[in-house]
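Below, each chain spelled out in residue letters.
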Amino acid sequence: MAAAQQFAASATTTQIPPRADSRYYLAPVAGAGWLVGIGLASLLEVGESFWLVMAVAAVLGTVTFWRTSRLTLALAAVAALTLGGARYEAARPDIDAGHVAFYNSVEGVELRGEVVTDPEVGDTRRQLRVAARELVVNGQVRPVEGLVLIQTGRYPIIGYGTALRVTGDPVAPAALGSDSYARYLERQGVHSVMRYPQVAVVEGTGGAPFTRALLAVRDRGRAILAASLPEPQAALLTGILLGDDSGLPKVVADAFRTTGMTHIIAISGFNIALVIALLDRLAAPLLPRRTAALAVMGGIVLYTLLVGASASVVRAALMGIAYLIALRLMGRPTLAVAGLFTAAFLMTLHNPLALWDVGFQLSLAATLGLLIYAGRWSRRLTRGAGNLPRPAVNLTRDLLLATLAAQLLTLPLILFHFGRLSLASLPANMLVLPAQPAVMLTGGATLLAGAIWLPLGRVAGLPAWLFLTYTLGVIEQLARLPLASVPLRLSSVALLAVYAAIAALTLLTTMDKEQRRGLGDRLRAQKGLSVALGVVAVVALLLAAWFVQRPDGRLHVAFLDVGQGDAIFITSPDGRQALIDGGRYPSVLLDELGEQMPFWDRSIDLLIATHPDDDHVAGLVEAAARYDVGRLVTN
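Residues numbered from 1 in each chain as written. Predicted model: local features only at pLDDT ≥ 70, side-chain atom pairs only at ≥ 80, totals over all residues. Heavy atoms only, no water.

**Things to note about the pattern of salt bridges**
Charged atoms that come close allow side chains of opposite charge to pair. Enumeration over the complete set of coordinates arrives at 13 salt bridges. One salt bridge connects Arg626 with Glu622, and the closest N-O pair in it is separated by 3.3 Å. Within this pair, Arg626 and its partner Glu622 are both found in helix H22 (residues 614–626), separated by 4 residues, close to a single helical turn. Overall, the relative accessible area of 47% leaves Arg626 in the partly exposed class. One salt-bridge network, held together by shared partners, links Asp118, Arg218, Asp219, Arg222 and Asp244. (Salt bridge = Lys/Arg side-chain N within 4 Å of Asp/Glu carboxyl O. Helix = DSSP H or I, 4+ residues; strand = E, 2+ residues; numbered from the N terminus. Buried < 20%, exposed > 50% of the residue type's maximum accessible area, 1.4 Å probe, protein only.)

Structure representation (structure tokens):
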């Protein structure tokens, strides 16, 4: 593990010149602008033409003022932002009669299509992603496009490339009952779901031959590991090596989530970093530096293909390759951040909705944290270590600092998306990560030996079983500790505020005492600038709060906890509101309304009093006095 962490931490060993220079900053600034533009386009929905007109003006300005470094960076950021907005608008599907989602909620539809990904297999069901080709409605055959998620039984076995004829009732992903999962599917291009329809196999040998061959190799790998190791060690190793954790028991998967260690069982930047480090160790003594880097990149590509080349794996591999190009081929460690944002740009250029993928966000944040902080903290530790034993300093650097650097930027995202703080995460990482290179080496040896001769794989699997058992034991014991995971959720505004604070503190810590003193003197001397910055910050926070709390196009029904009595608050998809009853206690009702309503909203469209008992209408009196009520309904 030390090799992987040192490899990532080395990216900041060269200092970036203090003067803004587009050679160093253009890719990160433009990449960040591109991502921001995609996010803004999802909120504003002003149309593709608006973004394109703005982009032309910004690009022309960037070209005109190319030699003015700071202005060039600002214009490049604006140009990338507007282009990102245009790309998002272009990627939005047209749900018309030629798209399968147009027929959601139509009963008795016959769908003809082909399975285009490796199915997700659980204990009792199989999930198929089918590219629709034709739809039969009321006896009429209509050509359509779009992806449909088919939920069916685990058997019969249906794999990639199978042509199907499916009869059932397509519905929107929201009908599955989970808003977060519905949004996840929509961002992956799935706008229709069919649950347990009638499925008939038309042909079982379709799809791309190369993809079929890769999936066959992956299936063979699963079978070898299952035959070489007992459970749950085999399922854990399958997740670590092949990116398939579907066989992991629920109690074990929950333990990994509780301790914040899911990153070792889902192929991600962590796994790619390990592959890079291990391949680098093997290639460095045998090949010249640049040739070894090319060999390592080739190994990453092969590994990506082997594990199925899913979006998360491609993302991590692309970031790893960009890092190698910057560090090894170009000899510019300072360009590693630029390579990271270039990889993020390529991923979102292909699919702008990848920006909302939690795995994408966490990979980007973890890698950025390593690049920005790990090397800097390691150098400070080395300078301040004095006469401390070198092994102790190296151990602290490799286990503690690299883990903290990766978690600094990922923790706010974890709290925002999952609402839980894993107090066991740091000790779990420090205890488990050092064993992971051995897991991958011995696991890889088990896989190769089993491919040659299965009994040989079982022998080679003995050391792998030892390291896997250690990993499972540590995770399960830490997950059982009191307060291993506590509820703590960040709102969108709080998330932005936390990242703004981290950015400000990072900037301040990079300055020496004279620079910080000079900055303070300039701010005190230019009071107008300070006031302007404060006003901009306040307006930005208010706008962010408005974006977060505006209507989201969904129906919300909240049963308010008003103590005694009942109170139900309903928000329609377009933002209209109705309050049914108000409980006995006005102060409690007003507090609950403050949690449900946008901060600027001082009106309620409809107030309903179902009957005049005190525990239903007492709270409504004060609510009617505080808010402008559009209509009152009583019995």
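**Remarks on the sheet that holds strand E15 (residues 628–634)**
Either a parallel or an antiparallel arrangement is found when strands of a sheet pair, and the pairing is made through backbone hydrogen bonds. A sheet is described by the order of its strands in space; here 5 strands give the open sequence E11-E12-E13-E14-E15, paired in mixed fashion. Two strands in the sheet have a free side with no partner beyond their single neighbour: strand E11 (556–559) and E15. Taking the axes of each pair of neighbouring strands and ignoring which way they run, one obtains an average angle of 20 degrees across the sheet. (Pairing = 2+ DSSP bridges. Axes fitted to C-alpha atoms, helices over the stretch in contact; angles between N-to-C directions.)

**Digging into the nonpolar core**
Residues Leu236, Phe256, Met261 and Leu468 are the most contacted members of the largest nonpolar core, which totals 47 residues. Counting residues per element, this core draws most heavily on helix H7 (residues 233–242), which supplies 7 residues. Apart from residues no more than four positions distant in its own chain, Leu236 is found in contact with Leu248, Phe256, Ile265, Leu468, Thr471 and Leu472. Met319, Leu340, Ala343 and Met347 belong to the second largest nonpolar core, which has 38 residues in total. (Core = buried A, V, L, I, M, F, W, Y, C linked by side-chain atoms within 4.5 Å. Contact = heavy atoms within 4.5 Å.)

**Description of the confidence of the model for the chain**
Confidence in the prediction of the chain, expressed as mean pLDDT, is 81, and 86% of residues score 70 or more. Counting interchain partners and residues more than four positions distant, the pLDDT-below-50 stretch residues 1–22 has 62 contacts. (pLDDT = per-residue confidence, 0-100.)

**A few points about unusual backbone geometry**
With omega at 5 degrees, the peptide bond leading from Tyr155 into Pro156 counts as cis. Structurally, Pro156 can be placed in the loop between strand E5 (147–153) and strand E6 (163–168). Residue Pro232 follows Glu231 across a cis peptide bond; omega there is 5 degrees. Within the fold, Pro232 resides in the loop between helix H6 (209–228) and H7. Even without being a glycine, Ser105 presents a positive backbone phi close to 80 degrees. The class of Ser105 is exposed, set by a relative accessible area of 59%. Of note, the phi angle at Leu483 is positive, near 60 degrees, even though the residue is not glycine.

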